[in-house]
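Notes for the structure review
In case you want the letters, here they are:
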Amino acid sequence: MTAEYSPAVLRTRPVATGHWRAFLAVAKHLNFRAAADELALTQSAVSRQIQALEEEVGVPLFLRHTRAVELTSAGAQLQRAVGPALERMDAAVRLVRQTAGRRSVAITTWASFASMWLIPRMEEFQRDNPGIDIRIDASDVQVDLDTSDVDLALRYAMPAGATQGGIRLFGEQLAVVASPWLLKSGKPLRTPADVAQFTLIEAGDAHRTHHLEYLSWRRWFDTRDLTMLQPQRWLYFNYAHQIVQAALAGQGLALARMPLIADALAAGDLVEVLPGHRIDSPLAYWLMVGPRSAQRPEIKAFCAWLQVQAEATRQAIGDVPDPDLNDNLDGA
């Protein structure tokens with residue numbers, strides 16, 4: 001028998017949070033059994049919670065078919081509203097638990113930057129701050145600092161809305177680099193056109209993603225009037241650290257980001273060839289601080305340390321910020 005819902009029986013009291021969790025689980029799986037498994041409840045208990053929620057709201061939220069469940073338009077509307085609200089609530093609870101226990105700093109960044117720049121420097125911070133735990137989430141997915149339990153974001157972007165309020169750590173140039181033993185192959189490498197005698201290493205999606213066009217060999221060719229140049233062969237990778245690893249292994253020449261290879265150049269593991277032929281990139285590296293985290297002492301300590309490290313990188317790569325940009329170098 002189908003339940004009937006009437007505006008006359010609509011209630012105004014708040015709905016229990018457990019009902020909403022059951023609702024979101026069923027809406028995600030569109031299956032009562034799977035939702036019950038996720039919530040560690042019985043299927044009948046989840047069904048009762050959904051029925052109670054529909055009675056509270058006053059309209060059906062799901063269409064029950066013989067072997068499937070479907071959201072109604074009202075159910076879809078509530079899913080869009082309730083999901084983010086519960087996520088924010090859960091994030092707040094995690095933050096309270098975190099600050100009530102050990103001091104910690106949670107950082108989101110992308111994998112290449114974490115492995116090539118951040119992690120190699122972390123030992124110093126950990127040595128000087130033994131009571132602070134560090135959690136690094138290396139992902140290409142941009143995390144919302146307003147709603148997540150992440151404290152800091154290290155991002156790679158052009159100066160724009162995505163970096164508003166951020167602290168500019170450093171910009172970048174692109175340099176042609178190779179392993180020392182590759183350069184002993186005997187092939188001449190004295191002019192830009194000479195790179196055609198080598199395998200050139202590049203990001204596989206450099207010509208499909210707008211901002212990666214700035215990092216491409218084709219752009220380097222164009223700025224040197226070598227538009228028709230074709231190398232001996234191409235070697236493509238998905239990530240910056242893979243490109244550099246291939247160059248370190250002597251597999252070809254890489255057009256690499258100076259901030260990420262400064263240490264390898266200083267150690268002699270890579271050699272910059274054609275040093276007078278770097279190209280500028282409009283992208284920069286930014287520090288974003290979550291609004292709920294900014295005043296915590298451990299966050300302040302990490303940000304201060306991070307800016308010292310960034311200054312060392314700026315010195316190493318000769319980075320001179322554009323004075324017209326709101327670089328916020330001192331972390332206003």
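Above this note sits the structure.
All figures in this text were calculated on a predicted structure; none of them were measured in a lab.

Re the pairing of strand β6 (residues 167-178)
In terms of burial, β6 is largely enclosed, as 11 of its 12 residues are buried. Pairing of β6 with strand β11 (residues 279-289) involves 6 bridges; the strand directions are antiparallel. Its bridge partner being in β11, I167 is matched across the sheet by L287. Sheet analysis places β6 next to strand β10 (residues 271-272), joined by 2 bridges and oriented antiparallel. Bridge assignment links A178 to a residue of β10, and that residue is V271.

Quick look at the environment of P259
Examined against the element boundaries, P259 turns out to sit in helix α8 (residues 258-267). Classification of P259 by relative accessible area gives buried; the value is 2%. Sequence-wise, P259 and E172 are 87 residues apart; in three dimensions their C-alpha atoms are separated by 6.3 Å. Not counting residues up to four positions away in its chain, the partners in contact with P259 are W117, F170, G171, E172, Q173, Y285, T313 and I317.

Observations concerning the nonpolar core
Within the largest apolar cluster, 64 residues are counted, with the highest numbers of intra-cluster contacts made by L118, V195, W217, W220, L253, F302 and L306. For this core, the element with the highest residue contribution is β6, accounting for 8 residues. With sequence-adjacent residues up to four places away left out, W220 is seen in contact with V176, P192, V195, L255, L274, H277 and I279. F23, L24, F62 and L86 belong to the second largest nonpolar core, which has 19 residues in total.

Rules used in this analysis
Residues numbered from 1 in each chain as written. Predicted model: local features only at pLDDT ≥ 70, side-chain atom pairs only at ≥ 80, totals over all residues. Heavy atoms only, no water. Buried < 20%, exposed > 50% of the residue type's maximum accessible area, 1.4 Å probe, protein only. Helix = DSSP H or I, 4+ residues; strand = E, 2+ residues; numbered from the N terminus. Pairing = 2+ DSSP bridges. Contact = heavy atoms within 4.5 Å. Core = buried A, V, L, I, M, F, W, Y, C linked by side-chain atoms within 4.5 Å.

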